[in-house]
Amino acid sequence: MRNPRVINLLREELSAGSVVTDTHALTPFETDGLTAIRQKPWVVALPETVKQVRAVLRICREHRVPVVTRGAGTGLSGGARPLADGVLLTLTKMNRILEVIPQARVARVEPGVPNARITEAAAPFGLYYAPDPSSQIACSIGGNVAENSGGVHCLKYGLTLNNVLGMTVQTLEGDELVLGGKTLDAPGYDLIAAMVGSEGMLGVVTEVVVKLLPEPFAKRVLLAAFDDLRRAGDAVAAIIRGGVIPAGLEMMDALAINAAEDYANAGYPRDAAAILLCELDGTEEGVNADVGIVRGILDEAGATGVRIASEEADRENLWRGRKAAFPAAGRMAPDYYCMDGTIPRRELGDVLTEIAILSERFGLPVANVFHAGDGNLHPLILFDSSKPGELEKAEQFGGEILKLCVARGGTVTGEHGVGVEKLDAMCAQFTDTELDQFHRLKAAFDPEGLMNPGKAIPTLARCSELGGMHVRGGALPHAGLERF
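Residues numbered from 1 in each chain as written. Predicted model: local features only at pLDDT ≥ 70, side-chain atom pairs only at ≥ 80, totals over all residues. Heavy atoms only, no water.

If you tally the helices and strands in the protein chain, you get 17 helices and 20 strands. Relative to a compact globule of 484 residues, whose C-alpha radius of gyration would be 23 Å, the protein chain shows 22 Å and is just as compact. Counting only C-alpha atoms, the protein chain reaches 70 × 55 × 45 Å along its principal axes. A buried classification covers 57% of the 484 residues belonging to the protein chain. Contacts spanning at least 24 positions in sequence make up 73% of the contacts within the protein chain whose residues lie at least 6 apart. If you sum the accessible surface of the protein chain, you get close to 19,400 Å²; carbon and sulfur atoms cover 51% of it. A gap of 3 Å separates the mean positions of the 47 positive and 62 negative side-chain charges of the protein chain. (Helix = DSSP H or I, 4+ residues; strand = E, 2+ residues; numbered from the N terminus. Rg over C-alpha atoms; globule rule 2.2 N^0.38 Å. Buried < 20%, exposed > 50% of the residue type's maximum accessible area, 1.4 Å probe, protein only. Contact = heavy atoms within 4.5 Å. Areas by Shrake-Rupley, 256 points an atom, 1.4 Å probe, with all protein chains shown as cover. Lys, Arg positive; Asp, Glu negative; His and termini not counted. Charge placed at Lys NZ, Arg CZ, Asp CG, Glu CD.)

What follows covers the packing of aromatic side chains. Scanning the model with the defined rule gives four aromatic pairs in all. A centroid spacing of 6.4 Å and a plane angle of 90° characterise the contact between Tyr128 and Tyr157, whose relative ring orientation is edge-to-face. Taken together, the residues Tyr128 in strand E7 (residues 127-128) and Tyr157 in helix H6 (residues 154-157) connect sequence positions 29 residues apart. Here the aromatic rings of Phe326 and Tyr336 are separated by 6.5 Å at their centres, their planes lie at 65°, and the arrangement is edge-to-face. Remark: Tyr336 occurs in strand E16 (residues 335-338) and Phe326 occurs in helix H12 (residues 325-329); sequence separation between them is 10 residues. Using a relative accessible area of 13% as the deciding quantity, one classes Phe326 as buried. (Phe/Tyr/Trp six-rings, centres within 6.5 Å; stacked < 30°, edge-to-face > 60°.)

With that settled, consider the pattern of salt bridges. Per the counting criterion, the structure on display carries 28 salt bridges. Residues Asp436 and Arg440 are paired through a salt bridge, measuring 2.8 Å at the closest nitrogen-oxygen approach. On the criterion of helical spacing, the pair formed by Asp436 and Arg440 is a turn pair, its members being four residues apart in helix H16 (residues 432-445). Here the salt bridges share partners, and the residues they tie into one network are Arg230, Arg346, Glu347, Asp350, Glu354 and Arg408. (Salt bridge = Lys/Arg side-chain N within 4 Å of Asp/Glu carboxyl O.)

Moving on, we come to the sheet that holds strand E5 (residues 97-101). Through backbone hydrogen bonds, the strands of a sheet pair up, either in parallel or in antiparallel fashion. Strand order in this open sheet of five strands is E5-E6-E10-E8-E9, and the pairing throughout is antiparallel. Because the sheet does not close on itself, it has two edges, and the strands there are E5 and strand E9 (176-180). Averaged over all adjacent pairs, the angle separating strand axes in this sheet is 10°, with direction ignored. Summarising the sheet, strand E8 (residues 164-170) and E9 pair through five bridges and their orientation is antiparallel. (Pairing = 2+ DSSP bridges. Axes fitted to C-alpha atoms, helices over the stretch in contact; angles between N-to-C directions.)

Here we take up the nonpolar core. If you look at the biggest cluster of nonpolar residues, it comprises 65 residues, and the most contacted ones within it are Phe226, Met251, Leu298 and Ile381. Counting 26 residues, the second largest nonpolar core, distinct from the first, contains Ala256, Ala260, Leu277 and Ala329. (Core = buried A, V, L, I, M, F, W, Y, C linked by side-chain atoms within 4.5 Å.)

Quick look at the confidence of the model for the protein chain now. In the predicted model, the protein chain carries a mean pLDDT of 92, and the fraction of residues at 70 or more is 96%. This model gives residues 469-484 a pLDDT under 50, and the stretch forms 53 contacts once residues within four places in sequence are excluded. (pLDDT = per-residue confidence, 0-100.)

A full pass over the atoms with the stated rule returns one disulfide. In this model, Cys427 is linked to Cys463 through a disulfide, with the two sulfur atoms separated by 2.0 Å. On the S-S bond that ties Cys427 to Cys463, the torsion sits near -75°, and the link is left-handed. Highlighted residues: Cys427 in helix H15 (residues 423-429) and Cys463 in helix H17 (residues 460-466), separated in sequence by 36 residues. Summarising the burial analysis for this pair, Cys427 and Cys463 share the class buried. The cysteine Cys139 is free of any disulfide, with Cys154 supplying the nearest cysteine sulfur at 13 Å. (Disulfide = S-S within 2.5 Å.)

Here we come to the pairing of strand E4 (residues 87-90). Here E4 shows two buried faces, one formed by Val87 and Leu89 and the other by Leu88 and Thr90. Note: strand E2 (residues 43-45) against E4, three bridges, orientation parallel. Paired with Val44 across the bridge in E4 is Leu88. Note: strand E3 (residues 67-70) against E4, four bridges, orientation parallel. Each residue of the ladder has a partner; that of Arg70, found in E4, is Thr90.

To continue, consider the sheet that holds strand E18 (residues 366-370). The strand order across the open sheet built from seven strands is E15-E12-E14-E13-E18-E20-E16, with neighbouring strands paired in antiparallel fashion. The open sheet has two edge strands, strand E15 (305-309) and E16, and neither has a second partner. The mean inter-strand angle of the sheet, taken between neighbouring strand axes irrespective of direction, is 20°. As judged from the five bridges shared by strand E12 (residues 218-226) and E15, these two strands associate in the antiparallel manner.

Next up on the list: the pairing of strand E10 (residues 204-211). Across the eight residues of E10, seven count as buried, placing the element largely inside the fold. Sheet analysis places strand E6 (residues 106-109) next to E10, joined by four bridges and oriented antiparallel. Considered in E10, the bridge of Val109 is made with Val208. With six bridges connecting them, E8 and E10 associate as antiparallel partners. Residue Met167 lies in a different strand from E10, and its bridge partner there is Val208.

On to the environment of Arg81, then. You can see Arg81 is positioned in the loop between E3 and E4. C-alpha separation for the pair Arg81 and Val210, spaced 129 residues apart in sequence, amounts to 27 Å.

Next comes the structure, spelled out in structure tokens:
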């Protein structure tokens, strides 16, 4: 129920222009990267300080108004989709790097700081921040915490969870939680692990302490071309089995290769069925040894060609093509639906083959570009939403891919979160007992249920209606995009 008094109270607490209610001005906030789901918020609040965040939460608590927290809006699962009767708490104005402490190799930042800016601030000290999503120029560290984002270097250096040492969180009840700190360990329960990936359902992160790493002495990137998708997938498992942990190990199929090449001119072989990008870093001696091992594995796996980039410009060019794959897909079709499932590495070859079969069955092209090293798939299903039934067909195709991931011992999401997109799929991934524990954890932080309601965790009634419980490896309910 909309209460006009809430807007007046927000305007009393926030700066001029930081409370948005005009219909046209609300349009940019009606969706995140999952553009198939749109909803204009009732009001957008843009705080600039922690005090203002606490004021917004207090007003919402007192008037029982739901709150959705938003960063840069680059998420791909609808996690920041606003509510028609709620406040969209947008943290982009809280974008200061508070301090970089090179001796401790940490940085303390506000949630609205773009991911790439952290490395820019740390670079003069020979340091960098490892997680690097493809959207790192735009995506915010607060959003990365909410979704537990990864990137091309997550194989060796971990996801956001593995690179956050501390955070400050504001709860709806008015408490300020200081979790972790500037050291590698802290006393008490590991609540950082609960908060990272919680999709704004437990509290609002207003400060983050991230771990910085020293720039490696040496780097090499190997580009391996394959004439068969399955062989490329099998080569990924062979590299890890060979005892080498690359800094990054990415894979692209023919459709993604040519789209990226058209867009970024990265020097990819257009006639390849698939390519692997394998980055090795460390000491000069260690990297040279690993290059020899990986080169031998790739040759044995059937690579038709291997190119080694040792100069910084060449390495950056190869990664530029990979990171341009998502925007490049927009040139192949009017719309694409980006999936995010994870499977064991040993299953890559078979799963990619089955996705190709599904592509034929649904009559929709799919471009595969993903974090092969940790089995995190990002199939891009190409379609045209202006054609009747194509969106629904893309959703069904995506549901089949998630079903395949679960059946092969994987998960329904790797780094994009659940949001509203994968609520149905969660019913197949988890049992009723497990989902009940999720709800209990949320209730411990948000007893009123006002923080990002309806996201990430399906109700037990919903799962019961879908018949999706206790079916790991079995039937998956339709995982389409729910309309609200």
